[in-house]
Amino acid sequence: MTKWIEIGTLNDIPVLGSRVVRTASGDIAVFRTSDDEVFALDDRCPHKGGPLSQGIVHNKRVTCPLHNFVIELKSGTAVAPDEGCTRAHPTKVENGVVWLSVQTAVAVPAE
Amino acid sequence: MLNKVNKPKLVVIGNGMAGIRTVELLLDRAPDLYDITVFGSEPYGNYNRILLSPVLAGEKTVDDIMLNTEQWYDDNGITLRKGEMIEMIDRRTCEVVTREGARVPYDRLLIATGSNPIMLPLPGKDLPGVIGFRDIQDVEHMVQASTSYKHAVVIGGGLLGLEAANGLMKRGMNVTVVHLLDTLMERQLDQVAGGLLRKSLEERGMVFKMPAQTQAILGEDRVTGVRFADGEELPADLVVMAVGIRPNFELARKAGLHCERGIVVSDTMQTYDGRIYAVGECVQHRRQTYGLVAPLFDQAKVCANHLAMKGFATYDGSVVSTKLKVTGIDLFSAGDFAPGADKEEIVMQDASRGVYKRIILRDKKIVGAVLYGDTIDGPWYFQHLRDGTDVSHMRERLVFGAANLGDGGHSGNNSVAAMSDETEICGCNGVCKGTIVKAISEKKLFTIDDVRAHTKASSSCGSCTGLVEQVLAFTLGGDYSAAPKVKPMCACTDHSHDDARRVIVENGLKTIPDVMKFMDWKTPNGCHSCRPALNYYLLATWPGEYRDDQQSRYINERVHANIQKDGTYSVVPRMWGGVTTPDELRAIADVADKFNIPTVKVTGGQRIDLLGVKKEDLPAVWADLNAAGMVSGHAYAKGLRTVKTCVGSEWCRFGTQDSTGLGVKLEKFMWGSWTPAKVKLAVSGCPRNCAEATCKDVGVICVDSGYEIHFAGAAGLHIKGTEFLTKVATEEETLEIIAALTQLYREQGWYLERMYKWCDRIGLDAIRKQVVDDVANRKALFSRFAHSQQFSQSDPWAARAQRGVDRNEFTPLAELELA
């Protein structure tokens, strides 16, 4: 069963921006797209561990601030031809409140 | 997704490089738009025709040069009808008719029938053993002949003929090349280079008969020899005709489409029948036909865009460059090198090294280049040729190439062919030659952008771009696709930086979404590359009016500190002109202690850098520095960074002026300004130049009688001494000219284009005219700079530390304790 945790409101996250959720097992970056979708990824680029939360968000992707790896927000996979995957965590937004379900399994490339 | 029945039908005649490149690009832009059928007369998938020469020479196999397997057609839902010839296009019913009589309807038709080798109408031309050099079958024929016969004659001393001759020689045949003229490859080479080429091919055992006209091909059941106009005869078991190609447009002509030397097409690659497109060698565009791969890829791109109904791109012709695909011979030719009264030449010849370079200039611009023996600078000359750069300021050193202009960065080794696979090409990303070669071969890459995307080579600092292009040329055998003439900003648009700047001003666009909408951006909100650029253009165009978009700022400019590899930040307080005080130093020391800052370092720009600050500590660190009177040093900004000074006349026994004081004044006036890329200044108090002003974006050298202003230097990726702008008598004039110069750069520079690159592009004379000679214009530039400064000179640290700006940025959204 999915365990949802309330982490804040949609308005707390800038449009095309990101905020960090601290956890004992590392930071999680929570992103908001231009059409108010919310996604969450481990705050570590699969390339050299750069903090994705500090990157530029565009469409449903984020560009890592260290070496410009581009990561899909939904799956956490790097956009080809780059390779790699960071762990994605399910989110939902209900009445302007953002919920997060923290995953513990290792990241696998989706689809 | 539309189902197959309802989709419009696209029929492609020709399964060659141009046709399939168009289909590939179309699939990329509009994957499900068409139901696609491809007809190809050869019994293969699509292969890389430019690599037939290495196959003939035994350096590659047919499998190596296949571009798209049959699986690829299946995977993309394309019907491939190989080995089927189209007999007729019925424009009335919109159908193509195969030789067997099958009728296939189309909504859009793409003709990419390529070209045929020209077969001279000589007696005996139809004898077995007489062939052209055009497809896999010809190559197989030649390879077969080389196993059982000895003597080959190649008619034609052009690119294709020499490649065929070289291949046959490698296969063990005695080869004679017959050429009508006395210069080999006369379309690409001048007499000297042609002579050098001939000499080195002769050293390899090739025999030439030239100038010579072939009169007849001799033989009964098979070719046995060739007779020339002078009566001489040569024995021959194989005759290869390589005198040229002829666009193959018979089908189009029969269908009533307007044809001259090829199928005449518009700038959108459409024939006179708007439903019918044509690309590649069969096409005549603005009176030109092309036989090289680069222009054909340019055409494919435009055609695909138009077919995808995203059609604002147009094709306006290509400038081509050529490289001979004979291993071990370095030869490069581009542009127009026929002698002419309006042209000037720069020639360098070193016979014992076998090096020859000829650069042809017209109106201060490169219009042609012929290089033999040392071709490393080929792409560099070609770039300037395509860009139409004014090269007058580097004219005296031009012939020695990029490296000798001090524009070569850290490149050392420059002969790619001699490098081992382990040689590192890209120092930033640690990419070796072998890795690049492997990616090019395995992933079928054609362009420098492809190589960048797949290997990261030359994707960071870019100083190895020339080398990577060489590897590409070397691996592909030379004829790789050149960069488009006007470079789009990024993959989100086909428009250039200049286009964006112009449109913003002309149409009064004031937000990023407005610009993207106006210019038909392909992505909903751009990317990390175009958004910061547009943000800067808007900021520079509408000072005080445009609201800076934080989410379109690179992280360093968003949080006013420099991100480090571990996600911590570095903090650099401003020290005006590099001058500090005991109190400031004490405050810095206290901050370092209080926040456990691990490293304190002096920077190259005479500042102190505090490294390893945690992001959440930044506002508190800034508050303490603010309290001691310090503000942001903008060490992270595409803007004014530092003004470096020497102590000048106040202390130094050689100082001629108060260089420190002038540096402080410049910095106080210019801090906070955003520019296309970083701007570093320096002021030296005498020509001994202790502040190293002659490698800065702007440098002032004080002399007894005044101030020399220099600009457009760099000492990073590239090492480049400054250009002398002017000399003035007073500090006030110095300040006015430097501000005007910076403002011109702010208005014209492309985002991330350093001042020296901007100067290269615009030209020293044009800049001097606007900021020195034309006084009214200088004053106008100065006042625009001053106006913009009203809105930019507020300390971003104080705003965040004391007024809570962007507080969200520095605090976590939530802290979770997980079970």
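Quantities reported herein were computed from a predicted structural model and do not represent experimental measurements.

## Here's the deal with the environment of Pro295(B)
Residue and element names in this part refer to chain B.
- Secondary-structure assignment places Pro295 in helix α8 (residues 293–307).
- Taking C-alpha positions, Pro295 is 9.6 Å from Ala18, a pair spaced 277 residues apart along the chain.
- Discounting chain neighbours no more than four positions away, the residues touching Pro295 are Tyr290, Ser318 and Val320.

## Some words on the nonpolar core
Residue and element names in this part refer to chain B.
- In this structure, Val154, Leu197, Val239 and Val240 are the most contacted members of the largest nonpolar core, which totals 67 residues.
- Tallying contributions element by element places helix α5 (residues 159–170) first for this core, with 7 residues.
- Ignoring any residue separated from it by four or fewer positions in sequence, one finds Val239 in contact with Gly129, Val130, Val153, Ile155, Ile217, Val223 and Val226.
- Of all hydrophobic cores here, the second largest spans 50 residues; its members include Ile13, Tyr106, Ile263 and Val279.

## Looking at the interface of chain B and chain A
- At the junction of the two partners, chain B supplies 22 residues and chain A supplies 30 residues.
- Within the residue set of the side of chain B that touches chain A, elements represented by two or more residues are α11 (448–455) and β41 (814–815) of chain B.
- Among the residues making up the side of chain B that touches chain A, the classes are represented as 10 nonpolar, 8 polar and 4 charged.
- Pairing analysis gives 2 bridges linking strand β2 (residues 17–22) of chain A to β41(B), with the strands arranged parallel. Of the residues in β41(B), the one forming a bridge with Val21(A) is Ala814(B).

## What to know about the confidence of the model for chain B
Residue and element names in this part refer to chain B.
- Confidence along chain B averages 89 in pLDDT terms, with 95% of residues attaining 70 or more.
- A low-confidence stretch, residues 406–413 stays under pLDDT 50, and its non-local contacts, those more than four residues away or across chains, total 19 contacts.
- Interface confidence for the predicted complex, given as ipTM, is 0.92, next to a pTM of 0.66.

## With respect to helix α12 (residues 465–476) of chain B
All names here are of chain B.
- With 12 residues, α12 ought to run about 16 Å at 1.5 Å a step, and its terminal C-alpha atoms sit 16 Å apart, in line with that.
- Buried residues dominate α12, accounting for 12 of its 12 residues.
- Along α12, the residues classified as buried are Thr465, Gly466, Leu467, Val468, Glu469, Gln470, Val471, Leu472, Ala473, Phe474, Thr475 and Leu476.

Reading the values: the criteria
Residues numbered from 1 in each chain as written. Chains lettered and ligands numbered in written order. Predicted model: local features only at pLDDT ≥ 70, side-chain atom pairs only at ≥ 80, totals over all residues. Helix = DSSP H or I, 4+ residues; strand = E, 2+ residues; numbered from the N terminus. Contact = placed C-beta atoms within 7 Å. Core = buried A, V, L, I, M, F, W, Y, C linked by C-beta atoms within 7 Å. Buried ≥ 20, exposed ≤ 12 C-beta atoms within 10 Å, placed from the backbone. Nonpolar A, V, L, I, M, F, W, Y, C, P; charged D, E, K, R; others polar. Pairing = 2+ DSSP bridges. pLDDT = per-residue confidence, 0-100. Expected span 1.5 Å × (residues − 1).

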